[in-house]
Amino acid sequence: MRGRFSIVLLVILFAHCIIAQINPGARQIALSNSDVAQSDDVFSNFSNPAGLSQMNWREIGIYYSPAPFGMKELANGYIAYIEPTDYGSFGLGAMTYGFDLYKQNKISLSYSNRFEEKFFAGITINYHTIAIKNYGSANSLSLNFGSMIYLISNLKWGFAFHNVTRATFGDEKNQIPTVLQTGFSYSPLDNATLNTAVEKESEFPLSIRFGLEYSPIKYFYLRSGFSTEPEKFSAGVGINYTFIQLDYAVFTHAELGLTHQAGIIINFSGDELRNEKIKKHLGLE
């Protein structure tokens, strides 16, 4: 019994460290979650909902990590969907984290729209549930907000505020992270994007993040990233062909070691050239 209780404490303590409950996606993790101003796929549901209205096509994404750092107790999975309309883009997402003794789930509903040509804004409503065996369960609602603007055709600024309402579970403070993120995404070449971002979570130090995505040949992407607080190095690859995108990421954590992540995105438009498609949609070409 003592061993099982220790595992529950470990899961709770490391939930923040693996960043599993804020920004999913193997592509995003390979970029050390520096993508607040990039946000150009379906996982923007969880990072910056403003990015959803950059896309005028449907996408569904699945991300699952069965045993981060070799620990099945830290298992987490996400699914997300985007539906563009004439009135803006709607996103739906769901998350699960933990195991039989400690479990967190989340359902997210996002809305994003485009204003004044190059400005985007979005909101996300999250329904959280938590259950600890023999201790009961609780639920809560939280609100995220995001914005994005094209400063010039190849430079974007992004901002995201997670848990605007500072929601929590019961009387315990900071059980749901309150996070501010801002940064830039710059594409010096058509096949390369550089991201920089800073993130501040309540009661934790400021985190600085960098990420680089480069496509040396058509359909294939190389990615790398770095972040502080916690210090993390990341890398990954992606294959984006016709309607399917496969992503793989690996990253190191100063305390937990090395782990691997994988994800898949299905693009119902059948066009694999995301960046060119976004520019055409926004009239940037």
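Given the structure is predicted, the values throughout are model-derived calculations rather than measurements.

### What to know about the overall build of the chain
Helix and strand content of the chain: 3 helices and 14 strands. Each of the 285 residues in the chain was classed as buried or not, and the buried ones make up 50%. Within the chain, contacts between residues at least 6 apart in sequence are counted, and of these 47% link residues at least 24 apart. Surface exposure of the chain reaches about 13,100 Å², of which carbon and sulfur atoms provide 64%.

### Thoughts on the pairing of strand β1 (residues 59-65)
Across the two faces of β1 the burial differs, with Glu59, Gly61, Tyr63 and Ser65 buried and Ile60, Ile62 and Tyr64 not buried at all. Bridging between β1 and strand β2 (residues 76-85) involves 7 bridges; their strand directions are antiparallel. Directly across from Ile62, in β2, lies its bridge partner Ile79.

### What about the pairing of strand β7 (residues 155-162)?
Residues Lys156, Gly158, Ala160 and His162 line the buried face of β7, whereas the alternating positions Leu155, Trp157, Phe159 and Phe161 sit on a face that is not buried. Where strand β6 (residues 136-152) lies against β7, 7 bridges are found, and the strand directions are antiparallel. Within β7, the position partnered with Gly146 by the bridge is Ala160. From the end of β6 to the start of β7, which pair antiparallel, there are 2 residues.

### As for the packing of aromatic side chains
Centre distance and the angle of the planes are the two values used to describe a pair of aromatic rings. For the structure on display, the rule yields 10 aromatic pairs. Here Phe226 and Phe233 contribute two aromatic rings whose centre-to-centre distance is 4.9 Å and whose plane-to-plane angle is 45°, an arrangement assigned as tilted. Given the relative accessible area of 45%, Phe233 is considered partly exposed.

### So, the nonpolar core
Among the nonpolar cores identified, the biggest contains 29 residues, and Val42, Phe43 and Tyr78 are the most heavily contacted of them. Listing elements by their share of this core, those giving two or more residues are α2 (26-30), β2, β3 (88-98) and β13 (244-253).

### Some remarks on the pattern of salt bridges
Applying the stated criterion to the full structure yields 7 salt bridges. With its nearest N and O atoms 2.6 Å apart, the salt bridge here joins Glu213 to Arg223. A residue pair is termed long-range when its members are at least 10 positions apart, and Glu213 in strand β10 (residues 207-217) and Arg223 in strand β11 (residues 220-227) qualify at 10 residues. Each member of the pair, Glu213 as well as Arg223, carries the same accessibility label: buried. Salt bridges sharing common partners tie together Arg27, Asp40, Asp41, Glu213, Arg223 and Asp247.

### Some details on the confidence of the model for the chain
One rule of thumb: low pLDDT means the predicted coordinates there are not for detailed reading. Across the chain, pLDDT averages 87, with 87% of residues at or above 70. Element-level mean pLDDT values for the chain span from 47 in helix α1 (residues 2-14) up to 97 in β7.

### What about the environment of Ser215?
For Ser215, the position within the fold is in strand β10. Of the residues examined, Ser215 reaches a relative accessible area of 12% and is grouped as buried. Sequence spacing of Ser215 and Ala192 is 23 residues, and the spatial spacing of their C-alpha atoms is 6.4 Å. Filtering out sequence-adjacent residues up to four positions away, Ser215 remains in contact with Asn191, Phe220 and Tyr221. Engagement of the side chain of Ser215 in a polar contact is seen with the backbone oxygen of Phe220, the distance being 2.9 Å.

### Points about a nonpolar patch on the surface
Taken together, the side chains of Tyr186, Leu194, Leu212, Tyr214, Leu222, Val237 and Tyr248 define a hydrophobic patch exposed on the protein surface, amounting to about 550 Å² of accessible area. Residue position: Val237 is located in strand β12 (residues 232-241). By relative accessible area, Val237 is classed as partly exposed at 32%.

### A few points about the environment of His253
Looking at the element boundaries, His253 is found in strand β13. Judged by its relative accessible area of 6%, His253 is buried. Between the C-alpha atom of His253 and that of Glu231, which follows or precedes it by 22 residues, the distance is 6.5 Å.

### A short note on unusual backbone geometry
Most peptide bonds take the trans form, and the phi angle of most residues other than glycine is negative. Look at the link from Glu229 to Pro230: it is a cis peptide, with omega at 0°. Following the sequence through the fold, Pro230 ends up in the loop between β11 and β12. For Ser39, which is not glycine, the phi torsion reads 40° and is therefore positive. Of note, Ser39 is situated in the loop between α2 and β1. According to the relative accessible area criterion, Ser39 is buried, its value standing at 2%. Positive phi outside glycine occurs at Asn134, with the angle close to 70°. Overall, Asn134 belongs to the exposed group, its relative accessible area being 67%.

Cut-offs used in this document
- Residues numbered from 1 in each chain as written.
- Predicted model: local features only at pLDDT ≥ 70, side-chain atom pairs only at ≥ 80, totals over all residues.
- Heavy atoms only, no water.
- Helix = DSSP H or I, 4+ residues; strand = E, 2+ residues; numbered from the N terminus.
- Buried < 20%, exposed > 50% of the residue type's maximum accessible area, 1.4 Å probe, protein only.
- Contact = heavy atoms within 4.5 Å.
- Areas by Shrake-Rupley, 256 points an atom, 1.4 Å probe, with all protein chains shown as cover.
- Pairing = 2+ DSSP bridges.
- Phe/Tyr/Trp six-rings, centres within 6.5 Å; stacked < 30°, edge-to-face > 60°.
- Core = buried A, V, L, I, M, F, W, Y, C linked by side-chain atoms within 4.5 Å.
- Salt bridge = Lys/Arg side-chain N within 4 Å of Asp/Glu carboxyl O.
- pLDDT = per-residue confidence, 0-100.
- Polar contact = N/O pair within 3.5 Å; in protein donor to acceptor, adjacent residues only side chain to side chain.
- Patch = residues over 30% accessible without salt bridge, like charges linked within 9 Å, V, L, I, M, F, W, Y side chains within 5 Å.

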